[in-house]
Structure formats: C-alpha cells, structure tokens
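What follows is the residue order along each chain.
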Amino acid sequence: MNERTEQGKKEEKKILVFAGTTEGRILSGRLSACGVPHTVCVATEYGEELLEENPLVRVHQGRMDADAIRTFLLEEGFGAVVDATHPYARTVTENIRRAAEETGVLLLRLKRAEDTDAGKGNRKMRSFPSHEACASALQEQEGNILLTTGSRELAAYCADEGVRKRLYVRVLPGLESISACIQNGVEEKRILALQGPFGAEMNEALIRQYRISCLVTKDSGRAGGFGEKLEAAEKTGIPVFVIGRPPEPEGLSFREVWRRLEDFLQKKLSVPAGLEILLAGAGMGSREGMTGEAAEAAESADILFGPSRLTAPYAPPFGKHPFYRADQIIPCLKKLLEEGLFLQEARAVVLFSGDSGFYSGCGALYRALEDEIASGRLAARVRILPGISSVSALAAYAGVSYEDAAVLSMHGRELPNLARRVALRKKTFLLTSGVKDVNRLGRALMAAGLSECRVTAGRSLASPEQALLSLTPQECAALKEEGLYTCLIQNPAPREENASCGLSDSAFLRDRVPMTKEEIRHVSVSKLHLSRNAVVYDIGSGTGSVAVEMASLSDDIRVLAIERKEEAAELIEKNAEKFGLENIAVIRGSAPEVLSGLPRATHAFIGGSGGRLEEILSALYEENPDMRVVINAVSLETICRMKEILSGWPVKNRELVQVQTARAVRAGDSLLMKAENPVWICVFDFTQRERTGEKE
C-alpha cells in the first residue's frame, strides 16, 4: 500500500457534524471527550458561539446549499457526515442527503426524540400542518401572541398587519435573527432576543409580563423545551398553536448513531464518566432555601425529576418530569439510556422537598436505585445531597431549638392520636399537607382540652409569600388560606407519659359488659411483648380495657378490637374516645369470619373465643405464622384445651401461667381478702412448620 493510499484511508475517517440542535452539540462534546477530532457546521455566528471551544473541534460557519456541501465534503475528504439539524429544517436535510449520496460519504441522520407525553389532555392545544395555516388561524385569535418558532418563518406571520402588530417574537440573540425581525416589520419593543433553554417558570413569566393570549410553537421535542411551553400555557390558561412536525426521513437514535460511528472509526468510543444520579433535598423550594450543593446540582442537571413547584426554575436539556417514585424514575432513565442520548455520561437529579433524610421518599428511591445498579440493570452511580428541612427553618424563624421537641408528620400519611402526642411534649413540630391539616390540629387540640397551646404556623417558608402566624387552636380550626404549612405547637403544661400499662379498673366505662380485671390485664399485655409498630387483634374485646392498655403504650401501635355484641362494641368506642385513642378500630362481628381482609397482625390477644378457639387459631396461623399469641381462659373447658394447643400446634416460647388475685374487702372493722377467680394465661409464638400433633 503506497503513501497516498494510506493517506486516503486516514482521510476517510474524518467526521463532519451538522450541529443545528442540542443533540448535535452534545454529540460533538461526546466525540471530543473520546478524543475524536471532527468538524462542526453551524449556520450562524451565534451558533458557533454556543459551541464550547475544544482543540479537537474545527468549526465551519455559514449556510451551504447542496453544491457547496458536496464541494466541502470532497475537498476536506470526509468519510462520514452526521445530520443533526432541526426536524423542521427540511431543506438543509435534503441538501445534506443529496451531497452525501453524490459523494458516496456515509450519512447518519440523527433523529430527535419526541416528547410523547407533552400536551396529553390539553384541550386548548391546536395543531397546524404549516406556518401559513397557523398564521391564518391567528387572524381569528384575539390578544397578544407569543411566537417561539424562530426568525426564519416570520414572513408567514407578518404578512397580515393585524397579526404582526400583536406579535411578541422570541428569537435567538444573534444579529441574523434580530435583522429578520426588523425586515419583517416587527417593532423593536416586541423582539425578545433571548437564549434558552427556558423552563416553564420563565415561559409563564413572559406570558404574564406581556399579557399573552396565545402561544405559538413548533413540536420541538424534549430537547427543544416543548413540554415546558405547554406547561406554562396550561398554568396561565391560554391556547397553544402547534406547528406539527414535517415527515422526517429515516433516522437513527443517538445510540445508533454512536454505534455506527464506532463501526466507521473501527474502535470503541468509551465516555469516561458514568450516569450520575443525585437525590437532593431542595429545602422549601426556593433557590435561597437550598444548599449551594443542591442548587448547583439542579442547575447542572441533564434531566430533572421532582414536583413541578421545585423543578419550575430549571430547564435541563433533556427535560424534566414530575416523578419522585422509583417505579416512575427508573424506567424513564433506562429508556433514555437505551435511546443513547446520555451515553452513560450525564447527571440526573431528583429533587425532594425539605431534607432528603427527613420524612422523605428519598430513602426508598435510593434503595431501589442501589438494587438496580448492583444487579447490573442500570449503569449509574447514586448519591444523596442533604437539604434544609422546614422544621429547621421554622425553628430558626421562631427563635427556638428543636433538639428537645417531638417531630411529627401528617404530610401524605395518617397520624393517629395527634392531640395525645402533643399533650406529652412541651414542643411539637408538625409537617402538614395543607390548611386542612392545620384545621384538624386545631379541632383536635380543642377536643382534648389543650386550648392553652400556642401554634406558630409557617406558611410557604423561604418563598416571597412566606408568613409566620401565631394562632390559638380555635384560630387554627378556622384558618382558610391554602398553602404548605409547618407548625410549632408549644404546650405550657405537658403531661407525664406512662412507661408501662397501669390503668385501674375504675378508669373504664363498664355498664354490664364483662371486663378483664386489672392485674390479669397487666400481666397479659406484658406477655404479648408488643413492639412499637405492632398490629394487634383483640378478639372478644368486651369493654375494650385490654385494647386501651395496648393502644396507650405507643401511638404507633394499631389495635383492632373484635367484638360480636353491639353493646360491647359501642362501649369499646366510648372508652377509646375517653382516652383519646384513635389507634383503636372496632371491628363488629365474630372471629374468625371478620378476620379476613383485616391488616396483617403481628400479635393477637384472645379474651373470648365463643367456643371456636381452634378455628380462630387456624385463621391466625394462616394470617401470620410468626404471630405472638396470648390467650386468657377461665372456663374449665378452655383450660383443658390449653395442653392440646401447646402440643398440637407449631409453637415456640410456650408459657402456661395461672394467676389468682385476692382483694381486701371491709367486713365491719376488719379487712378480709376476697379471692378472684383464677385465670390461666397461655402464651406462645407460632413457628413456620406443619402441624404435627407431637409434643415438643
């Protein structure tokens, strides 16, 4: 092979990129990161300014027709050309195709990914096949028009004077764009020369500032900010006129173009960095309320996830989604990786309100991402960035500390025994979902006799609408203004908290319903070994005395009091209300039938079985073969079956205890001990083995 032939082969490896889009600029950046020299063609001087300077990149600026492109390909000896021009630049794409076909150069058309979710359900969005058709429809549309289709199609919209005088034209801040506006008769004060990308918040601000009644846009996809325009229009209630995409020639995804370039160069192009996923606490949502690290992450994100109120100020190049759950975010990331636009070198940021480690969905998402990464299903690395919680902010604004306070949340979750929790603490911080939760707090405090409490409610903290309100419980109940509230409740007379069960029989409402006596009740509850988040079935609950004792141990214990007699069921509800226990639910009916469909229990207390003990135990074992069970028995029939239960069921940690108490009663001047009936207490844990009938 002579020197000229060898030189020819080297020249065939030269790459030309027509980079008229974000994707084209990204492709150029990826090639540079892999050490591949190449040439980039841009139409305008402004387009050249958008490219980052790099010694591996040669820039050719200026428009070319098909003949000029053909000459350029031949003179420079390019072996491959990538058409990454805008989907609407049909003439340029056709010129590139013809030139490549005539010179035999490899042509790769990079197709822009569509934003398939944008505009779904938007009844005010109208599509048009051409700019002329859209301009004609605008003649019937009243009010100011925000035109975001660029400067090249201005003639169609300026042909009608009535439309032209109502146009606000957003164009790139280049001389060519501004000149086109002036040549078409657009007033200078109506030229908005701005560089994107534009977030929904910026679009919304322009709509409101210029009193826009209609927005005109191309279907420019995710990279072109199409979704952000639609979001802003929907928030402001204005219609959107969309120029539909022209039929595109066959094209390739970013990943397919990348693989074809690897084949062309006959080498693997590996981008050194991987996909970085940052889970960031966004504080109260404003830039001022974020840490510098979290703000930098949001501003530099390639793709952004989180509630719209948090992502609104940002316009990442690959869009943003109102997602925060793993089942939403992980498939989205995988799809984008499959499309190849990231090429495993990008930053995905998920914003969570407040602090990422404080009543946040961050933990669940982090674990799910770690599982995907460890299993090889997602090529990425994940990191958590802390934020400033609203509790920390409110404590600072109110001038109090919070190391000695209870911190509770009603935001998107149930919180039973709210007033009871507040009654036990001098200071309680409460996260809410909105004004309705503040109303509930006020009503609960008044019902519990805690009207002396003072509530400091922080609304929309760290935002221009921030307000600190000092309220009584009555004022909380009457509050009407919507907003995100964090509350500080200060209790001047906190109540001592019981560390163990210890309610006396006289504390309960009884009527004629039988009740487990005080000492038996205390022993039985202690034998259950309840955990803080236990779910307990109290079968044959009677007055509910055992249910009350159990529910009083922790506000997070959940008790389901099962009772078939209506008189007793009503009494349980009255006793639960008397002690302010919202974590007791009364289930009317007979066990085992009513057990079906109830929340899965961790513990069960059987105070009355109605002669159906075996059936109840079978249902409990099927529900949870690791359940801990305590049975009280006073009848000889039930006592005789205790031995059979302990030997015939798969159980461990077996105990059989007889408890008998005597109480002093006065007889004249003397005190005599009067014996109570003996009670047998059977205790065991189920084990996950088949029933054998053999004694352990």
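Definitions and limits used
Residues numbered from 1 in each chain as written. Predicted model: local features only at pLDDT ≥ 70, side-chain atom pairs only at ≥ 80, totals over all residues. Heavy atoms only, no water. Helix = DSSP H or I, 4+ residues; strand = E, 2+ residues; numbered from the N terminus. Rg over C-alpha atoms; globule rule 2.2 N^0.38 Å. Buried < 20%, exposed > 50% of the residue type's maximum accessible area, 1.4 Å probe, protein only. Contact = heavy atoms within 4.5 Å. Areas by Shrake-Rupley, 256 points an atom, 1.4 Å probe, with all protein chains shown as cover. Lys, Arg positive; Asp, Glu negative; His and termini not counted. Charge placed at Lys NZ, Arg CZ, Asp CG, Glu CD. Axes fitted to C-alpha atoms, helices over the stretch in contact; angles between N-to-C directions. Parallel < 35°, antiparallel > 145°, perpendicular 65-115°, else oblique. Left-handed = near helix turned anticlockwise from the far one by under 90°. Phe/Tyr/Trp six-rings, centres within 6.5 Å; stacked < 30°, edge-to-face > 60°. Pairing = 2+ DSSP bridges. Core = buried A, V, L, I, M, F, W, Y, C linked by side-chain atoms within 4.5 Å. Arc of directions from axis to C-beta.

Chemist: I tried to follow the overall build of the protein chain on my own but got confused; where do I start?
Modeler: Broken down by element type, the protein chain carries 25 helices and 30 strands. Taken over the C-alpha trace, the protein chain has a radius of gyration of 36 Å; the compact-globule value for 696 residues is 26 Å, which it surpasses by more than 25%. With the principal axes as the frame, the protein chain shows a C-alpha extent of 125 × 65 × 45 Å. Scored against the burial criterion, the 696 residues of the protein chain give a buried share of 51%. Taking contacts inside the protein chain between residues at least 6 apart in sequence as the whole, the part at least 24 apart equals 69%. Carbon together with sulfur atoms contributes 48% to the accessible area of the protein chain, which is approximately 33400 Å² in total. Across the protein chain, the 88 positively charged side chains and the 96 negatively charged ones have centroids separated by 2 Å.

Chemist: Explain the packing of helix 24 (residues 613–623) against helix 25 (residues 636–648) here, please?
Modeler: For the pair helix 24 and helix 25, interaxial distance at closest approach is 12 Å and the crossing angle is 40°. On the basis of their axis angle, the class for helix 24 and helix 25 is oblique. Handedness of the helix 24/helix 25 crossing: right-handed. Note on element contacts: helix 25 touches helix 24 through Thr 638, Arg 641 and Ile 645, opposite Leu 613, Glu 614 and Leu 617.

Chemist: Sorry if this is basic, but what is going on with the packing of aromatic side chains here?
Modeler: The description of an aromatic ring pair rests on the distance of the ring centres and on the angle between the ring planes. The final tally for this structure, using the stated rule, is eleven aromatic pairs. Their ring planes at 20° and their centres at 6.4 Å tell us that Phe 305 and Phe 323 sit as a pair that is stacked. Within this pair, whereas Phe 305 is found in strand 13 (residues 303–305), its partner Phe 323 is found in the loop between strand 14 (320–321) and helix 15 (326–339), the two being separated by 18 residues in sequence. Given a relative accessible area of 0%, Phe 305 falls into the buried group. A connected cluster of aromatic rings, assembled from ring pairs, spans Tyr 621, Trp 649, Phe 684 and Phe 686.

Chemist: Looking at this structure, I do not really get the sheet that holds strand 17 (residues 406–409). What am I missing?
Modeler: One key point about sheets: their strands pair by backbone hydrogen bonds, in either a parallel or an antiparallel sense. Strand order across the open sheet formed by five strands is 17-18-21-19-20, with mixed pairing between neighbours. Looking at which strands have only one partner, the edges of the open sheet turn out to be strand 17 and strand 20 (467–471). Sheet twist, expressed as the average angle between the axes of neighbouring strands with direction ignored, equals 20°. Relative to strand 21 (residues 485–490), strand 18 (residues 427–431) is paired through five bridges, and the arrangement is antiparallel. By the bridge assignment, Phe 429 is partnered in strand 21 with Leu 488. Along the sheet face, helix 17 (residues 390–398) touches strand 17, strand 18, strand 19 (454–459), strand 20 and strand 21 and points at about 55° away from the line of strand 21. Along the sheet face, helix 19 (residues 435–447) touches strand 18, strand 19 and strand 21 and points at about 20° away from the line of strand 21.

Chemist: I would appreciate a short explanation of the sheet that holds strand 10 (residues 212–218) in the present structure.
Modeler: The strand order across the open sheet built from six strands is 6-11-10-7-8-9, with neighbouring strands paired in parallel fashion. Both edges of this open sheet fall to strand 6 (125–128) and strand 9 (191–193), since each of them pairs with a single strand only. Within the sheet, the average angular offset between the axes of one strand and its neighbour, ignoring direction, is 20°. Judged from the four bridges that link them, strand 7 (residues 144–147) and strand 10 form a sheet pairing that is parallel.

Chemist: What is the right way to look at the side chain of Thr 93 in this model?
Modeler: With respect to the element layout, Thr 93 can be found in helix 5 (residues 90–103). Take Thr 93: its relative accessible area is 11%, and that puts it in the buried class.

Chemist: Is there a simple way to think about the pairing of strand 30 (residues 679–686) in this case?
Modeler: Where a strand is regular, its side chains alternate between the two sheet faces. The element strand 30 is extensively covered by neighbouring structure, given that seven of its eight residues are classed as buried. Sheet analysis places strand 26 (residues 628–633) next to strand 30, joined by six bridges and oriented antiparallel. In the strand pairing of strand 30, Val 629 is matched with Phe 684.

Chemist: Help me understand the nonpolar core, please; the structure alone is not making it clear to me.
Modeler: Within soluble globular proteins, side chains that are nonpolar generally end up buried alongside one another. Grouped together as the largest cluster of nonpolar side chains are 48 residues, with contacts concentrated most on Leu 27, Ile 277, Leu 279 and Phe 305. In contact with Leu 279, not counting residues within four places along its chain, are Val 350, Phe 352, Ser 356, Cys 362, Leu 365, Tyr 366, Leu 369, Val 382, Arg 383, Ile 384 and Leu 385.

Chemist: In this structure, what is going on with helix 9 (residues 175–183)? I would like to understand it.
Modeler: Note on helix geometry: an α-helix contains 3.6 residues per turn, so any two residues three or four positions apart are oriented the same way. Along helix 9, the residues classified as buried are Ser 177, Ala 180 and Cys 181. Along the axis of helix 9, the buried positions cluster into a sector of 100°, meaning they face one direction only. Away from its buried face by more than 90 degrees, helix 9 exposes Leu 175 and Gln 183. On its buried face, helix 9 sits against helix 7 (154–158), strand 8 (167–171) and strand 9. Residue Gly 185 follows helix 9 closely and has a positive phi angle near 85°.

Chemist: How should the pairing of strand 29 (residues 670–675) be read in this particular structure?
Modeler: Of all six residues that make up strand 29, zero are buried, and the element is exposed over most of its length. Sheet topology places strand 28 (residues 662–667) next to strand 29; six bridges connect them, and they run antiparallel. Looking at strand 29, one finds that Arg 663 is bridged to Lys 674. Here strand 28 hands over to strand 29 after two residues, with Gly 668 in that stretch at a positive phi of 65°.

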